[in-house]
Amino acid sequence: MPSVDDILDQVGEFGWFQKQSFLLLCLVSAALAPIYVGIVFLGFTPEHHCRSPGVAELSQRCGWSLAEELNYTVPGLGAAGEAHLQQCMQYEVDWNQSALGCVDPLASLAANRSQLPLWPCQHGWVYDTPGSSIVTEFNLVCSDAWKVDLFQSGVNLGFFLSSLAIGLIADRFGRKLCFLVTSLVTAVSGVLTAVAQDYTSILLFRLLQGLVSKGSWMAGYTLITEFVGSGYRRLVGILYQMAFTAGLVVLTGVAYAIPHWRWLQLAMSLPTFLFSLYYWCLPESPRWLLSQRRNAQARKIMEHIARKNGKLPPADLKMLSVEEDTTEKQSPSFIDLFRTPKLRKHTCILMYLWFTCSVLYQGLIMHMGATSGNLHLDFLFSALVEFPAALFLLLTIDRLGRIYPMAVANMAAGAASLLMVFIPQELHWLSTAAACVARMGVTIVLQIICLVNAELYPTFIRNLGMMVCSALSDVGGIFAPFLVFRLMEAWEALPLVLFGVLGLTAGTMTLLLPETKGVSLPETVEDAENLGRKAKTKGQENKTYLQVRMSQHTGA
């Protein structure tokens, strides 16, 4: 009896239907970008200082310039390492008193300004920005600065909590229904975030968006890899992730055009309502229908694909059925990932690599957003380098293998991060170039680790291994904002030192994994313990890539 792949060989593995579906689903991938890293623009923290009643009137009466006003009234201005004083403290002075003069007004109160008492900002802050962000609207600075970290951690916590549930929903109720429901909830929660009037509400809506948005992305990923033939799965999988990068580029332009966070959030959320129209544009996955023994519906969809591709339905389509799994059923458990020496080693290394990759990817973006001289331009450059990273992977993964490129990419990201520590501020172009190298390295790692993770585990725990290990990327995303922004309070370059250490150690640990290129996909624990002894066919490699994506859908 023919399988779906056998039928696709006859009606077209990547014909007009698949290309149309691929382009539609790439929009879903692009839409995840502003949710994942939109914090760079939504939570931008501009230069700020305490608002002091009476200062504006005194400045107007004396005819001060802005620089003179700041010099006379803001403590610690111009002193190295006194950012906290400048931004979070104010002189305990009544600026409305008539005794204050126009030339160094504080001289009449104390011979040295350092002798004047200070207290935390009492009347809010003045922000040096033409636009707005959640920081400027809710005053998330100084003692409340950690709330920006929590805002970004919320979406990653949502990714983590939903990783298992969304996969179960997709397997139980279908890829299409899962995609439609999660896309709709993503759009609604995005709009609710834009109109929420207090910090607690936007935090809860952000968490809700995290709970469903990754599920929508993964459902789209699974649909397109199940629509195409085996020879195109790796290609569409990598290009689908490149669509995410295209979303980053578009986000830069939209954020530049819309500097106010609420309108920006709406601009990112409203288009996602259009994904509900996919109900009429995309069918259910025929592979899933066959797995549910809904053979008649699967055959009808395959006939539709044939017509769209300009082919006649093959004669043996009526015999279409799912391939029966004749292997002995085994019930996987968490302990199986650590049961044998090699599985134990592989699991620990992969968990560390996933965690490190997430911290590096999100951390580099957030650090760039907090230190950039030209936020939009630097964000654009760092996003564009992801395109050659994906192209490099497409051209070399079957030639150079997986392990050495992944190790080199990790080390390059770590070394470039450490190099940025020693680059002086006046050489901004060099710092930007190093940041782009680090970003390219971690992007390559993100692409390769998905494939390696699936190729190291035997069949009965492959999905579980993918779910558990990739969940560490969400854990890394939860911690990344706190690691970046709180370490920057001690020293602006300290996060870069952390990134360097993480990248170099990840590269070294990668070399402890066995090369999986040309090696048979392990079926049993014994096979996993003896990786590298059997050649793997092209068909098996393509099957691996589909299993990677299916594993991500059920657990990533």
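Because the structure is predicted, anything quoted here is derived from the model rather than measured.

Calculation criteria
- Residues numbered from 1 in each chain as written.
- Predicted model: local features only at pLDDT ≥ 70, side-chain atom pairs only at ≥ 80, totals over all residues.
- Heavy atoms only, no water.
- Helix = DSSP H or I, 4+ residues; strand = E, 2+ residues; numbered from the N terminus.
- Buried < 20%, exposed > 50% of the residue type's maximum accessible area, 1.4 Å probe, protein only.
- Contact = heavy atoms within 4.5 Å.
- Areas by Shrake-Rupley, 256 points an atom, 1.4 Å probe, with all protein chains shown as cover.
- Polar contact = N/O pair within 3.5 Å; in protein donor to acceptor, adjacent residues only side chain to side chain.
- Disulfide = S-S within 2.5 Å.
- Expected span 1.5 Å × (residues − 1).
- Arc of directions from axis to C-beta.
- 1 Å grid on protein atoms, 1.4 Å probe; cavity = no way out; pocket = protein on both sides within 12 Å on 5 of 7 lines; lining within 4 Å.
- Points joined across faces, edges and corners; volume = space filled by probe spheres on them.
- Phe/Tyr/Trp six-rings, centres within 6.5 Å; stacked < 30°, edge-to-face > 60°.
- Lys NZ or Arg CZ within 6 Å of the ring centre and 35° of its normal.
- Patch = residues over 30% accessible without salt bridge, like charges linked within 9 Å, V, L, I, M, F, W, Y side chains within 5 Å.
- Salt bridge = Lys/Arg side-chain N within 4 Å of Asp/Glu carboxyl O.
- Core = buried A, V, L, I, M, F, W, Y, C linked by side-chain atoms within 4.5 Å.
- Axes fitted to C-alpha atoms, helices over the stretch in contact; angles between N-to-C directions.
- Left-handed = near helix turned anticlockwise from the far one by under 90°.
- Nonpolar A, V, L, I, M, F, W, Y, C, P; charged D, E, K, R; others polar.
- pLDDT = per-residue confidence, 0-100.

> I'm lost on the overall build of the protein in this one. Help?
The secondary structure content of the protein amounts to 24 helices and four strands. Looking at the 556 residues of the protein, the share that counts as buried comes to 55%. For the protein, the share of sequence-separated contacts (at least 6 apart) that also reach a separation of at least 24 residues comes to 80%. Looking at the protein as shown, the accessible area adds up to about 24000 Å², and 64% of this sits on carbon and sulfur atoms.

> Got a minute to help me understand the side chain of Thr-182 in this structure?
Turning to its location among the elements, Thr-182 is positioned in helix α9 (residues 175-195). What makes Thr-182 buried here is its relative accessible area of 4%. At 2.6 Å, the side chain of Thr-182 and the backbone oxygen of Cys-178 are in polar contact. Leaving out residues up to four positions away in the same chain, Thr-182 has contacts with Ile-166, Val-212, Gly-215 and Ser-216.

> Looking at this structure, how should I read the state of the cysteines?
Every disulfide links exactly two cysteines, by a covalent bond between their sulfur atoms. Tallying each qualifying case throughout the model produces three disulfides. Put simply, Cys-62 and Cys-102 are joined by a disulfide, and their sulfur atoms are 2.0 Å apart. As the torsion about the S-S bond is roughly -75°, the Cys-62-Cys-102 disulfide counts as left-handed. Within this pair, whereas Cys-62 is found in helix α4 (residues 55-62), its partner Cys-102 is found in the loop between β2 (89-91) and β3 (118-120), the two being separated by 40 residues in sequence. Cys-62 gets classed as buried once you look at its relative accessible area, which sits at 18%. Bridging Cys-88 to Cys-142, the disulfide has an S-S length of 2.0 Å. Linking Cys-88 and Cys-142, the disulfide has an S-S dihedral of approximately -95° and is accordingly described as left-handed. Here Cys-142 lies in the loop between α7 (134-138) and α8 (146-173) and Cys-88 lies in helix α6 (residues 83-88), a separation of 54 residues in the sequence. In the protein, numbering the disulfide-bonded cysteines from first to last in sequence yields the connectivity 1-5, 2-4, 3-6.

> Which parts of the structure should I look at to understand helix α15 (residues 295-308)?
The α-helix advances 3.6 residues per turn, and as a result positions three or four apart in sequence lie on the same side. The end-to-end C-alpha separation of α15 is 20 Å, in line with the 20 Å expected for 14 residues at 1.5 Å each. Within α15 the residues assigned to the buried category are Ala-298, Ile-301, Met-302, Ile-305 and Ala-306. Projected down its long axis, α15 carries its buried residues within an arc of 145°, all on one side. Turned more than 90 degrees off the buried face of α15, the exposed positions are Ala-296, Lys-300 and Arg-307. Buried-residue contacts for α15 involve α1 (4-11), α2 (16-37) and α14 (286-291).

> I'm lost on unusual backbone geometry in this one. Help?
Glycine aside, a negative phi is what most residues show, and trans is what most peptide bonds show. The residue Cys-142 is not glycine, and still its phi comes out positive at about 55°. Positive phi, normally seen in glycine, also occurs at Arg-293, with a value near 65°. Summarising the element assignment, Arg-293 is placed in the loop between α14 and α15. When its relative accessible area of 52% is taken as the criterion, Arg-293 is described as exposed.

> Would you mind going over helix α5 (residues 66-73) with me for this structure?
Among all positions in α5, only Glu-69, Leu-70, Tyr-72 and Thr-73 are buried. Looking at the buried side of α5, the elements it contacts are β1 (48-50), α4 and β2.

> Honestly, empty space enclosed by the protein in this entry has me stumped. Any pointers?
Where empty space is left in the structure can be found by rolling a water-sized probe over the atoms. On inspection of all chains with the given rule, the structure shows six cavities of 30 Å³ or more. Its boundaries defined by the atoms lining it, the largest cavity holds a volume of some 520 Å³. Lining of the largest cavity is provided by 25 residues; of these, Tyr-36, Trp-217, Gln-241, Phe-244 and Leu-446 occupy positions nearest its centre. Secondary-structure elements contributing two or more residues to the lining of the largest cavity are α2, α10 (199-227), α11 (233-257), α16 (341-371), α18 (386-400), α20 (428-455) and α21 (462-490).

> What am I meant to see in the packing of aromatic side chains here?
To describe a pair of aromatic rings, you give the distance between the ring centres and the angle between the ring planes. This structure, assessed with the given rule, holds 16 aromatic pairs. When the ring of Phe-179 is compared with that of Tyr-278, the centres are 5.7 Å apart and the planes differ by 15°; the resulting orientation is stacked. Of this pair, Phe-179 sits in helix α9 while Tyr-278 sits in helix α13 (residues 278-281), placing them 99 residues apart in sequence. When its relative accessible area of 1% is taken as the criterion, Phe-179 is described as buried. We classify Tyr-278 as buried; its relative accessible area is 6%. Taken together, the aromatic side chains of Tyr-36, Phe-159, Phe-244 and Tyr-361 make up a single cluster linked through ring pairs. In this structure, Arg-172 is placed above the aromatic ring of Phe-173, and the distance from its NZ or CZ to the ring centre is 5.1 Å.

> Looking at this structure, how should I read a nonpolar patch on the surface?
Together, Leu-184, Val-188, Leu-192, Val-195, Leu-270 and Phe-273 give the surface a local cluster of nonpolar side chains, amounting to about 450 Å² of exposed area. Along the chain, Val-188 falls in helix α9.

> Where do I start with the side chain of Ser-269 in this structure?
Within the secondary structure layout, Ser-269 lies in helix α12 (residues 261-269). Reaching out from Ser-269, the side chain makes a polar contact with the backbone oxygen of Gln-265 at a distance of 2.8 Å.

> Got a minute to help me understand the nonpolar core in this structure?
Within soluble globular proteins, side chains that are nonpolar generally end up buried alongside one another. The biggest cluster of nonpolar side chains holds 137 residues, and the ones touching the most others in it are Phe-379 and Leu-513. The biggest single contributor to this core is α16, with 13 residues. What Leu-513 contacts, discounting residues up to four positions off in sequence, is His-346, Ile-349, Leu-350, Leu-353, Ile-403, Met-406, Val-452 and Leu-456. Judged by nonpolar contacts, the second largest core, of 12 residues, contains Trp-64, Val-93, Leu-106 and Ala-110.

> Where do I start with the environment of Gly-38 in this structure?
Checked against the element boundaries, Gly-38 lands in the loop between α2 and α3 (39-42). The spatial distance from the C-alpha of Gly-38 to the C-alpha of Met-366 is 9.8 Å, given a sequence separation of 328 residues.

> What's the story with the packing of helix α17 (residues 375-384) against α20 in this structure? I'm lost.
What describes two packed helices is the angle between their axes and the distance between those same axes. Following both chains from N to C, one finds α17 and α20 inclined at 35°, their axes separated by 8 Å at the closest point. Crossing angle aside, the handedness with which α17 passes α20 is right-handed. Contacts between α17 and α20 pair Asp-378, Phe-381, Ser-382 and Ala-383 from the former with His-428, Thr-432, Cys-436 and Arg-439 from the latter. Here the contact of α17 with α20 is composed, by residue class, of three nonpolar, three polar and two charged.

> Looking at this model, I keep getting lost on the confidence of the model for the protein. Mind explaining?
Residues shown with low pLDDT carry predicted positions that ought not to be read at fine detail. Taken as a whole, the protein shows an average pLDDT of 84; of its residues, 89% reach a score of 70 or greater. When mean pLDDT is compared element by element in the protein, α12 scores highest at 95, while helix α24 (residues 538-555) scores lowest at 45. Residue range residues 534-556 is modelled with pLDDT below 50. Its contacts to residues more than four positions away, or to other chains, number 85 contacts.

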